[in-house]
Amino acid sequence: MTREHKTDIIILGAGPAGYTAAIYAARASRKPILITGMQPGGQLVTTTDVENYPGFANVIQGPWLVEQMQAQAEHMGTRVIYDHIAEIVTDVRPFRLIGDSGGHYLCDALIYSTGAQAKWLGIPSEEAFRGFGVSACATCDGFFFRDKRVAVVGGGNTAVEEALYLANIASSVTLVHRRDTLRAERVLQDRMFAHPKIAVRWNSEVDSFVGNNDPAKIEAIALKNRTTGAIEQLALDGVFVAIGHAPASALLEGKVELHADGYIKVKPGTTTTSVPGLFAAGDVADGVYRQAVTAAGLGCMAALEADRYLTVHAVPDSAASRKGAIVA
């Protein structure tokens, strides 16, 4: 027998955007349900030291921060359900989310906050040092490599921008690119080539990450020359993989407007999508900043807008159950 769960607002995704949306929706007495998906906590659960989230003078751990967000959301009245959504029906009201567990989740407003995943190289040794010298976010982790030697892997705008950012922090930056030309915009290339602290290794790809295992710490990367096949080690203290991100928007393909790269289109300055009542928050709709604090801000916006949508459209069940208003 199909189990149905009906409420005013459902939040899909358990990262900073999702939990913040849940907190605000719960404060409005919307009785939100948050469905975690396959990776509760998002990218924060794979992050060790977090030093740039406001409110904490000392370094905190990513998984701990997610736990606190969940505890706060549940304390406010959010129901957290561990399920993976396989299908979303958006062409009828209420929206219907169908889970792998067999559960059906119905809502009048949906906040989609499934995030985005960094693309990795897929090398076996990469996983061993992820978070221990290997990162996919210079603005998140660059501070920890002040006056140290780092490398950036990639050849697009993101890679060049991260190289330029790191050049203001690290002692030296090596851009590793598998071709002999870059895909980045010319103005970024010119700026990078002119920087005295940045060098480029052309026609090279990472063969392996080299370092200690106890404690885990990267010490070098083995680079393979794609022209000669020769392999040599480059000693360094950190590596930033900058080959792009993949937004987790597959469930909405063909149902809402997406950008060419898969990010959900929202009305500028809002979280509203092309489908009334469906809101997108966090990295799944943000291909620029991708920070925990900006995701949390977008989650707040989504909850405010979802609450306003339900009030303006006077959805019967929602209007009847509403007992309060969101207070910013």
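Along each chain, residue indices are assigned from 1 in the same order as the chain's sequence is written. In view of the model being predicted, local features appear only for residues whose pLDDT reaches at least 70, and side-chain atom pairs are presented and counted only at 80 or more, with totals across whole chains, interfaces and linings using the full set of residues. Think of the side-chain values as coming from all heavy atoms in the structure, minus any hydrogens and water.

Focus on the pattern of salt bridges
Once their charged atoms are close, side chains differing in charge can pair, the charge on each being opposite to the other.
Part 1 of the argument: Salt-bridge detection follows one rule: a side-chain nitrogen of Lys or Arg within 4 Å of a carboxyl oxygen of Asp or Glu. Tallied over the entire structure, the rule returns 10 salt bridges.
Part 2 of the argument: Note that E205 and R178 form a salt bridge whose closest N and O atoms lie 4.0 Å from each other. Pair noted here: E205 is in strand β14 (residues 204–213) and R178 is in the loop between β12 (172–176) and α6 (186–193), with a separation of 27 residues, a long-range link.
Part 3 of the argument: The partner of R226 in a salt bridge is E205, with the nearest N and O atoms 3.2 Å apart. Of this pair, R226 sits in the loop between β15 (216–225) and β16 (231–235) while E205 sits in strand β14, and the two are 21 residues apart along the sequence.
Part 4 of the argument: Overlapping salt bridges, with partners in common, bring together D8, R30 and D307 in one network. Secondary structure elements are defined from DSSP: runs of H or I of at least 4 residues count as helices, runs of E of at least 2 residues count as strands, and each element is numbered from the N terminus.

Quick notes on the sheet that holds strand β17 (residues 238–241)
Part 1 of the argument: As summarised here, the arrangement of the 5 strands in space is β10-β17-β11-β12-β13, forming an open sheet in which the pairing is parallel. Edge positions in the open sheet fall to β10 (134–135) and β13 (198–201), since each of these has one partner strand only.
Part 2 of the argument: Whether two strands pair depends on DSSP finding at least two bridges between them. Examined bridge by bridge, strand β11 (residues 149–153) and β12 share 5 bridges and lie parallel to one another. Each residue of the ladder has a partner; that of A151, found in β12, is T174.

Details of the pairing of strand β6 (residues 85–89)
Part 1 of the argument: Judged from the 4 bridges that link them, β6 and strand β7 (residues 95–99) form a sheet pairing that is antiparallel. Each bridged residue has a counterpart across the sheet, and for I88 the counterpart in β7 is L97.
Part 2 of the argument: Hairpin connection, β6 to β7: the antiparallel pair is bridged by 5 residues.

Thoughts on the packing of aromatic side chains
Part 1 of the argument: For Phe, Tyr and Trp, rings pair up if their centres lie within 6.5 Å, where Trp contributes its six-membered ring, and each pair is then called stacked (planes under 30 degrees apart), edge-to-face (over 60) or tilted (otherwise). Applying the stated criterion across every chain yields a total of 5 aromatic pairs.
Part 2 of the argument: On the numbers, 6.1 Å between centres and 80° between planes, the contact of F143 with F144 is edge-to-face.
Part 3 of the argument: Taken together, a centroid distance of 6.2 Å and an interplanar angle of 75° make the contact between F279 and Y309 edge-to-face. Pair noted here: F279 is in strand β19 (residues 278–280) and Y309 is in helix α7 (residues 292–313), with a separation of 30 residues, a long-range link.
Part 4 of the argument: Judged by its relative accessible area of 16%, Y309 is buried.
Part 5 of the argument: One Lys or Arg, R130, reaches over the ring of W120 and ends 4.0 Å from the middle of that ring. Residue exposure (1.4 Å probe, protein chains only): buried if accessible area is under 20% of the type maximum, exposed if over 50%, otherwise partly exposed. Charge-over-ring contacts are defined here by two conditions on Lys NZ or Arg CZ: a distance within 6 Å of the ring centre and an angle within 35 degrees of the ring normal.

Some remarks on the pairing of β13
Successive residues of a regular strand alternate their side chains across the two faces of the sheet.
Part 1 of the argument: Bridge count between β12 and β13: 4 bridges; the pairing is parallel. Opposite V173, over in β13, you have I198 as the bridge partner.
Part 2 of the argument: The handedness of a crossover follows from its direction of travel: if, with the strands pointing away from the viewer, the path from the first strand over the helix to the second runs clockwise, the crossover is right-handed. Of the crossover connections in this fold, the one passing from β12 over α6 to the parallel β13 is right-handed.

Re the packing of helix α5 (residues 157–167) against α6
Part 1 of the argument: What counts as an axis is a line fitted to C-alpha atoms, over the stretch in contact for a helix, and the angles between N-to-C directions run from 0 to 180 degrees. For the pair α5 and α6, the least separation of the axes is 10 Å and the interaxial angle reads 35°. Our pair here, α5 against α6, has a crossing hand that is left-handed. Contacts between α5 and α6 involve N157, V160, E161, A163 and L164 on the former and, on the latter, L188, Q189, R191 and M192.
Part 2 of the argument: Class assignment for the residues of the contact of α5 with α6 results in 5 nonpolar, 2 polar and 2 charged. By the definition used in this description, the sense in which the near helix is turned from the far one sets the handedness, with an anticlockwise turn below a right angle giving left-handed and a clockwise turn giving right-handed. By definition, residues are in contact when any of their heavy atoms lie within 4.5 Å. Ten residues, namely Ala, Val, Leu, Ile, Met, Phe, Trp, Tyr, Cys and Pro, are considered nonpolar, four, namely Asp, Glu, Lys and Arg, are considered charged, and the remaining ones, Gly among them, are considered polar.

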